[in-house]
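So you can see what is in the structure, the chains are spelled out below.
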Amino acid sequence: IQAARSHSSPRAIVVINPGNPTGNVLTRKNMESIIKFAYEERLFILADEVYQDNIYEGSEFLSFKKVMTEMGSPYNTMELVSFFSCSKGFACECGLRGGYFEMFNVDKDVKEILISS
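Since the model is a prediction, treat every value here as computed from it, not as a measurement. The numbering scheme is per chain: residues are counted from 1 as the chain's sequence reads. Local features are withheld for residues below a pLDDT of 70 in this predicted model, meaning they are given only at 70 or higher, and side-chain atom pairs are given and counted only at 80 or more; totals for whole chains, interfaces and linings count all residues. To obtain the side-chain values, all non-hydrogen atoms of the structure were included, while hydrogens and water were left out.

Draft legend 1. Summary view of the packing of aromatic side chains. The criterion for an aromatic pair is that two Phe, Tyr or Trp rings (for Trp, the six-membered ring) have centres within 6.5 Å, with stacked assigned to planes under 30 degrees apart, edge-to-face to planes over 60 apart and tilted to the rest. Applying the stated criterion to the full structure yields three aromatic pairs. Between Tyr-39 and Tyr-75, the ring centres sit 5.3 Å apart and the planes meet at 75 degrees, which makes this aromatic pair edge-to-face. Of the two residues, Tyr-39 sits in helix H2 (residues 28-40) while Tyr-75 sits in the loop between helix H3 (64-71) and strand S3 (80-85), which places them 36 residues apart along the sequence. For every residue, the accessible area obtained with a 1.4 Å probe (protein chains only) is divided by the maximum for its type, and the residue is called buried under 20%, exposed over 50%, and partly exposed between those limits. Given the relative accessible area of 38%, Tyr-39 is considered partly exposed. Note on Tyr-75: relative accessible area 16%, which makes it buried. In this text, helices come from DSSP runs of H or I with a minimum length of four residues, and strands from runs of E with a minimum of two, each type numbered from the N-terminal end.

This is the structure in structure tokens:
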């Protein structure tokens, strides 16, 4: 982040979990470390969680929202957008797909701009 700050102003961190194409998932400890880092650096978390149905057998998927809320204050007040794709969980193919996102703790004015655009 220090290297990025030498020429820009980072505002967000993107986390892809589970990983594509491996299906590997982050551990809860990894996720808590990322959340704490984002909190300390004042970064908005963009959680790409579209492959949550395509994980290694025996692995457990945890959403960033779940981990953040269970960590309690101050982490449960952080801004987060989580992305999911209906088609990735069904067919695992690239191309045309349906998806949605959830905004958690996002400022109402930011939501309004997004919705009215």
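Draft legend 2. Fine view of the pattern of salt bridges. The working definition used for a salt bridge is a side-chain nitrogen of Lys or Arg within 4 Å of a carboxyl oxygen of Asp or Glu. Going through the model one piece at a time under the given rule, you end up with six salt bridges. Among the salt bridges present, the one from Asp-109 reaches Lys-108, with a minimum N-O distance of 3.5 Å. A residue is classified by how much of its surface remains accessible, and Asp-109, at 47% relative accessible area, is partly exposed. Taking relative accessible area as the criterion, Lys-108 reaches 65% and is therefore assigned exposed.

Draft legend 3. Here's a closer look at the sheet that holds S3. Here four strands make up an open sheet; going across it, the order is S1-S2-S3-S4 and the pairing mixed. Two strands lie at the open edges of the sheet, namely strand S1 (12-16) and strand S4 (99-104), each paired on one side alone. Taken pair by pair, the neighbouring strands of this sheet meet at an average axis angle of 15 degrees, ignoring direction. Between any two strands, pairing holds if DSSP finds at least two bridges. Sheet analysis places strand S2 (residues 44-48) next to S3, joined by four bridges and oriented parallel. In the sheet register, Asp-48 faces S3, and the bridge partner there is Phe-83. Lying on the sheet, H2 is in contact with S1 and S2; it crosses S1 at an angle near 170 degrees. All axes here are fitted lines through C-alpha atoms, helices being fitted over the stretch that makes contact, and every angle between N-to-C directions spans 0 to 180 degrees. Contact definition: two residues touch when any of their heavy atoms are within 4.5 Å.

Draft legend 4. Main features of the packing of H2 against H3. As a packed pair, H2 and H3 sit with axes 10 Å apart at the nearest point and diverge in direction by 75 degrees. Taken together, the axis directions place H2 and H3 in an arrangement best described as roughly perpendicular. Listed contacts from H3 to Arg-28, Met-31, Glu-32, Ile-34, Ile-35 and Lys-36 of H2 are Phe-64, Val-67, Met-68, Glu-70 and Met-71. Under the convention adopted here, Pro, Cys and the residues Ala, Val, Leu, Ile, Met, Phe, Trp and Tyr are nonpolar, Asp, Glu, Lys and Arg are charged, and Gly plus all remaining residues are polar. Of the residues belonging to the contact of H2 with H3, the class tally is seven nonpolar, no polar and four charged. By definition in this entry, angles of less than 35 degrees are roughly parallel, angles greater than 145 are roughly antiparallel, angles of 65 to 115 are roughly perpendicular, and the rest are oblique.

Draft legend 5. Expanded view of H3. Turning to H3, its buried residues number three or more, namely Phe-64, Val-67, Met-68 and Met-71. Seen along its axis, H3 keeps its buried residues to an arc of 100 degrees; they face one direction. Two residues or fewer past H3, Gly-72 is found with a positive phi of approximately 75 degrees. By construction, the arc corresponds to the directions joining the helix axis to the C-beta atoms.

Draft legend 6. Layout of the pairing of S1. The side-chain alternation of S1 yields one buried face, formed by Ile-13 and Val-15, and one unburied face, formed by Ala-12, Val-14 and Ile-16. As judged from the five bridges shared by S1 and S2, these two strands associate in the parallel manner. Across the sheet, Val-14 pairs through a bridge with Leu-46, a residue of S2. Looking down the strands as they point away from you, a crossover is right-handed if its path from the first strand over the helix to the second goes clockwise. Once the chain exits S1 it traverses H2 before rejoining the sheet at S2, and the crossover so formed is right-handed.

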